[in-house]
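Here are the chains, one letter per residue:
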Amino acid sequence: MSTGTGVVGDAPLSQRSIRIPATAYTVDGCHAQEEAAMIAWLLAAALAASPATPVDHGMPSPTVPSPEQVMELPPPLAQALQTQVIDRTPRSMARLERLVAFMYEPDGLGIQYRHDANHTVGETWSTREANCLSFTLLTIALARAAGIEAYGQEIARTLAWYAEGDTLYFSNHVNAGIRIGRHEYTVDVGSDSLMTLDTPQRVDDRRLMAVYYSNRAADLLGRGATVDAARYIDAALAADGGYATAWNNAGVLRVRSAQPDAAEQAFTHALELDKAHDGALMNLASLYTARGDDARAARYRDRLERLRLRNPYHHFMQAVDAERRDDHAAAARQYRRAISLYDGEHRFHSGLARALLHLGDARGAGRELQRAHDLSNGDMQARYQSKLDRLRRATP
């Protein structure tokens, strides 16, 4: 992300991004692997190894905060907002830009990124740590207190996943939407590193709370704390019973509590809400495999595979894996497949340029690098220009 705070675009009622100060994060906002903690789709990747009984770590069970407590501003934070933002600027774009600077610049809150910081607003204030979800909650709470209309936005499909132990996490993404007069803006700490075909969709506070509770449940499930996780799952479903990811995580909880029939019902309901939910498809396949029902398991794996083959980001990940194996011909094929499905992602063209250079096709690499340059902007476009200049000097 570029240094400083600014606004991109000028059309009425368009989605425009507020850029977060680069000093807040070390590498362009959220790292690709860390982004997977934004909203976890907890997958039972190894059902047979999952604990069948609750785990008691000898710690008191956490209290599940109410939605009001999740969004509550601690008095010292409210006072700092008043003196450093509200009192200094009118209710306008200048106030929004000062608010963003207040959150992330060192002389403000100095918030730092941590992928597992699924915090309430008060916890973010006390720890000065946030992930993309808690960043969104903080932005919305502060903006509303400053008299700015703010709301949550969800991007259903992103390229973001990571593994811990025998558990695989997938994610979608949330950010904060802002409306000032006839203009709409997006405040997003991960905008520069986010890879998606989907546009942000406005969601209500019930969905944001379901995301928060479901994330906390996923954290607890990952640690084997099934009793505490169950309380957060219940809160997520109470907040928004239409949130497919919460039902998927409820299924994982039931698998790990030795309730396979209830788990099957939860995964199936998640697919009724979202027929393309990767986590529910994978979990049902794993559940049927564990039961010895290979035919049904194969049907769900086939559904998942068909979705992946139509997903350019699946081919992108295959290309990256091929590059790691130094199989640059396979990488080039996969990058081309990704581009054939979606030509508008600069990283696909940049990756193909790398593969072509390894294959000795400098001219083709130059064409792809130029396309990556044209699709990007800001600091990334400048980096591509530098690479193009070096390639041209090195090519006869």
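Just so you know, these numbers come straight off a predicted model, no measurement behind them.

Draft legend 1. Representation of the overall build of the chain in the model. Counting its regular elements, the chain contains 16 helices and 9 strands. Each of the 396 residues in the chain was classed as buried or not, and the buried ones make up 52%.

Draft legend 2. Broad picture of the packing of helix α8 (residues 244-256) against helix α9 (residues 260-273). Across the interface, α8 lies against α9 with an axial gap of 8 Å and an inter-helix angle of 165°. Here α8 lies roughly antiparallel to α9, going by the angle between them. In the packing of α8 onto α9, the handedness of the crossing is left-handed. Where α8 approaches α9, its residues A244, W247, N248, A250, G251, V252, R254 and V255 are matched on the opposing element by P260, A262, A263, A266, F267, H269, A270 and L273. The class makeup of the residues in the contact of α8 with α9 is 12 nonpolar, 3 polar and 1 charged.

Draft legend 3. Region of interest: the pairing of strand β5 (residues 149-155). Taken across its 7 residues, β5 has 6 buried, putting it largely inside the fold. Relative to strand β9 (residues 201-203), β5 is paired through 3 bridges, and the arrangement is antiparallel. By the bridge assignment for β9, Q153 is matched with R202.

Draft legend 4. Up close: unusual backbone geometry. Located in the positive-phi region is R128, a residue other than glycine, with phi close to 60°. If you check the backbone angles, D326 has positive phi at about 65° while not being a glycine. Inspection of the secondary structure puts D326 in the loop between α12 (312-324) and α13 (328-341). Classification of D326 by relative accessible area gives exposed; the value is 58%.

Draft legend 5. The arrangement of the confidence of the model for the chain in detail. Confidence in the prediction of the chain, expressed as mean pLDDT, is 81, and 78% of residues score 70 or more. Taken element by element, the predicted model of the chain shows its lowest mean pLDDT in strand β2 (residues 39-43) (38) and its highest in helix α1 (residues 67-71) (97). Every residue in residues 1-58 scores below 50 in pLDDT, and together they form 199 contacts with partners more than four places removed in sequence or on other chains.

Calculation criteria
Residues numbered from 1 in each chain as written. Predicted model: local features only at pLDDT ≥ 70, side-chain atom pairs only at ≥ 80, totals over all residues. Heavy atoms only, no water. Helix = DSSP H or I, 4+ residues; strand = E, 2+ residues; numbered from the N terminus. Buried < 20%, exposed > 50% of the residue type's maximum accessible area, 1.4 Å probe, protein only. Axes fitted to C-alpha atoms, helices over the stretch in contact; angles between N-to-C directions. Parallel < 35°, antiparallel > 145°, perpendicular 65-115°, else oblique. Left-handed = near helix turned anticlockwise from the far one by under 90°. Contact = heavy atoms within 4.5 Å. Nonpolar A, V, L, I, M, F, W, Y, C, P; charged D, E, K, R; others polar. Pairing = 2+ DSSP bridges. pLDDT = per-residue confidence, 0-100.

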